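Geometric and topological summary
Listed below, chain by chain, are the residues.
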Amino acid sequence: MRGRKIAMTLLLCGLALTATSCGKANDAYKKAMDYAESGNYEKAADSFKTAIKNNKEKAEYYLDYGMTLNHLGNYKKAIKQFEKAYQKVDNKISRQNNKRVHYGEALAYYGLHKYDDAISQCKKALEISESKDLNGDVYATMAMAQWVAGDSLGALGALDQLLKENSKDTAAYVMRGQIKQDMEEYDSAVQDFMKAIEIDEKCYEAYFGCFETYQAAGQKDAAVESLSKITSMQGADAEEKMQIGRAYICLDNFEEAEDFLQDAKKEKCVEASYYLGQIAQAQKSNDKAKEYYEEYLKAAKGDVSLPTVYSNLAGCYIEQKDYDTALEYLEQGLDLGVTNAYQDLLRNQVILLERMGKMEQAATAAADYISAYPKDEDMAKEAEFIATRIKKKKATNSKAKASAEPSAEPSAEPSAEPTTGSGDDQTAQ
């Protein structure tokens, strides 16, 4: 869905530190929490398993293990852990834990593209009055599920409730603005972005939201003006320099953008390398772009906040006709689970498999895409095209009375082209 910008990783909040028993289980649990907080979820998962092995009675162990599995994209396994964590007794602690259980299951179902189940779990979590500080994340998750499922009005309603409870939540205003932009309610969308900026003048996503909304409305002058606040900043720190560079990319001023991004990179801003890669890619310098993107991935150390890097890398290799490597990068991006780049990655995988002549695999990928995003009519047409190609190939093979391996280069191009991240890089998942 175009315009979505909230990454699933932003919804996977806080593995809450809770009291645990002593001994080996307690030590393993503490180690698991340390790993999780540092972003090393694979080691965290191993330590959680050790903790559970030594003490099978702690609901918190299953809860935090489930959250870790969500981060790893192991959603079905995560649901099993949450089910083990659910407590039938009725007291304050059990209600607090059960609220987290419902929230964790909502995230897992969202990751599995079972949006009705995700919404149902969110509603159950909100029925529990304890742990009100979790409500914002629950409402945001419910809004995301409703939006992806095509219920934009329902998503707006969830965000309205969130803002009733916390009128200073800038992320909620930004998300609500993005939904309204997608609904082509441009004036109202801008009002939400401006409200976020009013609360926090360094809410960068709100500025970029204004830019995209004005662009979509055909108001080019207003779009440029919306980024003037950022471009007029002095670059007080690496983050600010990176955002200024990003703004100049949106304005197609690559020279200014590169100056600020290089300065941000010198000050150890990890994301700066990504945006420098975008500049190089826009200038058709694919080798240089690949170098920057790889540099970003290395510096991110597994904590990839800009998952569109995988689509962009794939795009570089597609330009060089190295389809196998391109496919590997798309698969790496998909392995992250549901992120703000997931939809583009999955779509690009379909198109690339077509281009490689792997029609059976393309059909499977297209089916996965349609299951996740049933409202996308373009992919439905793409799936029909793929089915026609498969049917034609089978008829040819039957007539020739011989089987044939898929060709590396199909006789016809797919009806769509793989896409890469845009200059502002906040594309939908």
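Residues numbered from 1 in each chain as written. Predicted model: local features only at pLDDT ≥ 70, side-chain atom pairs only at ≥ 80, totals over all residues. Heavy atoms only, no water.

**Overview of the packing of helix α19 (residues 308-319) against helix α20 (residues 323-334)**
Closest axis-to-axis distance for the α19/α20 pair is 8 Å, and the angle between their directions is 175°. By the criterion of interaxial angle, the relationship of α19 to α20 is roughly antiparallel. Residue-level inspection shows Y310, S311, L313, A314, Y317 and I318 of α19 in contact with α20, the latter providing Y323, T325, A326, Y329, L330, Q332 and G333. For the contact of α19 with α20, a count of residues per class yields 9 nonpolar, 4 polar and no charged. (Axes fitted to C-alpha atoms, helices over the stretch in contact; angles between N-to-C directions. Helix = DSSP H or I, 4+ residues; strand = E, 2+ residues; numbered from the N terminus. Parallel < 35°, antiparallel > 145°, perpendicular 65-115°, else oblique. Contact = heavy atoms within 4.5 Å. Nonpolar A, V, L, I, M, F, W, Y, C, P; charged D, E, K, R; others polar.)

**As for the environment of D116**
Among the structural elements, D116 can be located in helix α7 (residues 115-126). D116 gets classed as exposed once you look at its relative accessible area, which sits at 63%. Sequence separation between D116 and Q146 is 30 residues; the distance between their C-alpha atoms is 8.1 Å. (Buried < 20%, exposed > 50% of the residue type's maximum accessible area, 1.4 Å probe, protein only.)

**A short note on helix α12 (residues 204-216)**
Relative to the 18 Å expected for 13 residues at 1.5 Å per residue, α12 spans 19 Å between its end C-alpha atoms, a close match to the ideal helical length. Turning to α12, its buried residues are Y204, A206, Y207, F208, G209, C210, F211, E212 and T213. Count one or two residues on from α12 and you reach G218, which has phi positive near 80°. (Expected span 1.5 Å × (residues − 1).)

**Observations concerning the pattern of salt bridges**
According to the stated counting rule, one finds 14 salt bridges in the structure shown. As a salt-bridge pair, D90 and R95 come within 2.7 Å of each other at their nearest N and O atoms. Given the relative accessible area of 62%, D90 is considered exposed. The network of salt bridges with shared partners includes D160, R176, K180 and D192. (Salt bridge = Lys/Arg side-chain N within 4 Å of Asp/Glu carboxyl O.)

**Things to note about the confidence of the model for the chain**
Averaged over every residue, the pLDDT of the chain is 89; residues scoring 70 or more account for 88%. Confidence drops under a pLDDT of 50 for residues 1-21, and excluding neighbours within four residues, the segment shows 82 contacts in the predicted structure. Taken together, the stretch residues 408-412 has pLDDT below 50 and engages in 11 contacts with residues farther than four places along the chain or on a different chain. (pLDDT = per-residue confidence, 0-100.)

**Notes on helix α10 (residues 170-182)**
The end-to-end C-alpha separation of α10 is 18 Å, in line with the 18 Å expected for 13 residues at 1.5 Å each. Counting buried residues along α10, 11 of its 13 residues qualify, which places the element largely inside the surrounding structure. All of the buried residues in α10 are T170, A172, Y173, V174, M175, R176, G177, Q178, I179, K180 and Q181. With its phi angle positive at about 65°, E184 sits one or two positions after the end of α10.

**Some points on the environment of Q215**
By secondary structure assignment, the location of Q215 is in helix α12. Between the alpha carbons of Q215 and Y186 there is a distance of 10.0 Å; along the sequence they are 29 residues apart. Those residues in contact with Q215, other than ones at most four positions away along the chain, are K220 and A223.

**Observations concerning the state of the cysteines**
Here is the idea: a disulfide is a covalent bond, and it sits between the sulfur atoms of two cysteines. Tallied over the full model, the rule gives 0 disulfides. Not part of a disulfide, C210 finds its nearest cysteine sulfur in C203, a span of 9.7 Å. Its relative accessible area of 2% is what places C210 among the buried residues. (Disulfide = S-S within 2.5 Å.)

**Details of unusual backbone geometry**
Notably, K268 is not glycine yet its phi reads approximately 70°, a positive angle. Topologically, K268 is positioned in the loop between α16 (254-266) and α17 (270-282). The phi torsion at K321 lies on the positive side, around 65°, for a residue other than glycine. Mapped onto the fold, K321 is located in the loop between α19 and α20. Overall, the relative accessible area of 57% leaves K321 in the exposed class.

**A closer look at the packing of helix α5 (residues 75-85) against helix α6 (residues 92-111)**
Their axes nearest at 9 Å, the elements α5 and α6 cross at an angle of 165°. Judged by the angle between their axes, α5 and α6 are roughly antiparallel. In this structure, α5 crosses over α6, and the sense of that crossing is left-handed. Here α5 contributes Y75, I79, F82, E83 and A85 to the contact with α6, which in turn contributes N98, V101, G104, E105, L107, A108, Y109 and G111. Its residues assigned to classes, the contact of α5 with α6 comprises 8 nonpolar, 3 polar and 2 charged. (Left-handed = near helix turned anticlockwise from the far one by under 90°.)

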